[in-house]
Amino acid sequence: MANQELEDAVSRAIEEAPPRNFRESVDLAINLRDLDLNNPNNRVDEGIVLPRGTGQETRIVVFAEGETALRAEDVADEVLDNDALSDLGDDTDAAKDLASETDFFVAEASMMQDIGRYLGTVLGPRGKMPTPLQPDDDVVEVVNRMKNTVQLRSGERRTFHTLVGSAEMDPEDIADNIDVIIRRLEADLEKGPLNIDSIYVKTTMGPSMEVA
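A quick note: this is a predicted structure, and the numbers were derived from the prediction, not measured.

Visitor: Break down the environment of Leu80 for me, with residues and values.
Guide: Residue position: Leu80 is located in strand S4 (residues 78–80). Expressed as a C-alpha distance, the spacing of Leu80 and Ala69, which sit 11 residues apart in the sequence, is 7.9 Å. Beyond its immediate chain neighbours, meaning those up to four positions away, Leu80 contacts Val61, Val62, Phe63, Ala64, Leu88, Leu98 and Met111.

Visitor: Kindly report on the packing of helix H4 (residues 92–101) against helix H5 (residues 112–123), identifying the contributing residues and their values.
Guide: Packing of H4 against H5 leaves a shortest axis separation of 10 Å and a crossing angle of 60°. Relative to H5, the element H4 is oriented oblique. Crossing handedness for the pair H4 and H5: right-handed. Taking contact as the criterion, the partners of Ala95, Lys96 and Ala99 in H4 are, on H5, Leu119, Val122 and Leu123. Its residues placed into classes, the contact of H4 with H5 shows 5 nonpolar, no polar and 1 charged.

Visitor: Now, about the environment of Ala69: what can you tell me, with residues and values included?
Guide: Within the secondary structure, Ala69 is located in helix H2 (residues 66–72). Overall, the relative accessible area of 10% leaves Ala69 in the buried class. Taking C-alpha positions, Ala69 is 9.3 Å from Glu108, a pair spaced 39 residues apart along the chain. Residues within four places of Ala69 in sequence aside, it is in contact with Ala64 and Val79.

Visitor: I'd like a rundown of the packing of aromatic side chains, residues and numbers included.
Guide: Per the stated rule, a full pass over the model turns up 1 aromatic pair. The residue whose ring lies beneath Arg117 is Tyr118, and the NZ or CZ to ring-centre distance is 4.7 Å.

Visitor: Break down the layout of surface pockets for me, citing the residues and quoting the values.
Guide: As a volume, the largest pocket reaches approximately 580 Å³. Surrounding the largest pocket, 28 residues form its lining, Asp103, Phe104, Thr149, Val150 and Gln151 being those nearest its centre. Among the elements of the structure, strand S2 (45–49), H4, strand S5 (104–108), helix H6 (139–146), strand S7 (149–153) and strand S8 (159–166) are those that each provide at least two residues to the lining of the largest pocket. For the lining of the largest pocket, the element with the most residues is S7, which contributes 4 residues.

Parameters and conventions
- Residues numbered from 1 in each chain as written.
- Predicted model: local features only at pLDDT ≥ 70, side-chain atom pairs only at ≥ 80, totals over all residues.
- Heavy atoms only, no water.
- Helix = DSSP H or I, 4+ residues; strand = E, 2+ residues; numbered from the N terminus.
- Contact = heavy atoms within 4.5 Å.
- Axes fitted to C-alpha atoms, helices over the stretch in contact; angles between N-to-C directions.
- Parallel < 35°, antiparallel > 145°, perpendicular 65-115°, else oblique.
- Left-handed = near helix turned anticlockwise from the far one by under 90°.
- Nonpolar A, V, L, I, M, F, W, Y, C, P; charged D, E, K, R; others polar.
- Buried < 20%, exposed > 50% of the residue type's maximum accessible area, 1.4 Å probe, protein only.
- Phe/Tyr/Trp six-rings, centres within 6.5 Å; stacked < 30°, edge-to-face > 60°.
- Lys NZ or Arg CZ within 6 Å of the ring centre and 35° of its normal.
- 1 Å grid on protein atoms, 1.4 Å probe; cavity = no way out; pocket = protein on both sides within 12 Å on 5 of 7 lines; lining within 4 Å.
- Points joined across faces, edges and corners; volume = space filled by probe spheres on them.

Dropping the structure here:
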């Protein structure tokens, strides 16, 4: 559970944001220090399940065949089979559009080799290669979990952002999400909290409030 100071910072970020006629996301801006991010081993690249959800629509596409495809249709935004995958391989523009519109991809493990061949150059650089679905995995469970997942990815930049909720959510719930992210981040960094310079929370168009 997040502390009161963190919850108060979230409340101020939401309350002091000017009114907007669209649903604003709440984001975390993370600033790292004393890390050589030219070394890929030092970069942050984590999928984190938010305990209180994202408060946003998360678009998920599944590559699957047969029974798995049928089950995926109940929970995924789109299900693509081998024929559709082959078509995307011949249409780079369509593949790029799909990549930009989709938050996460899931694929049967047996299709991963073809996905790498047809879409690797499009999905790879965007950090959107599919999560492999093993034969024993429940596609419904995997997709539902990913709907509450955010990607923590620094690349070569010391400053990066991630979604932690929406302005309509309770500040306490957003604070709980932030607490989970900070704990995971500290556990992953070489020197833990010492590698974090500062962390700010803000709505899409609102002011930043320091939380760490």
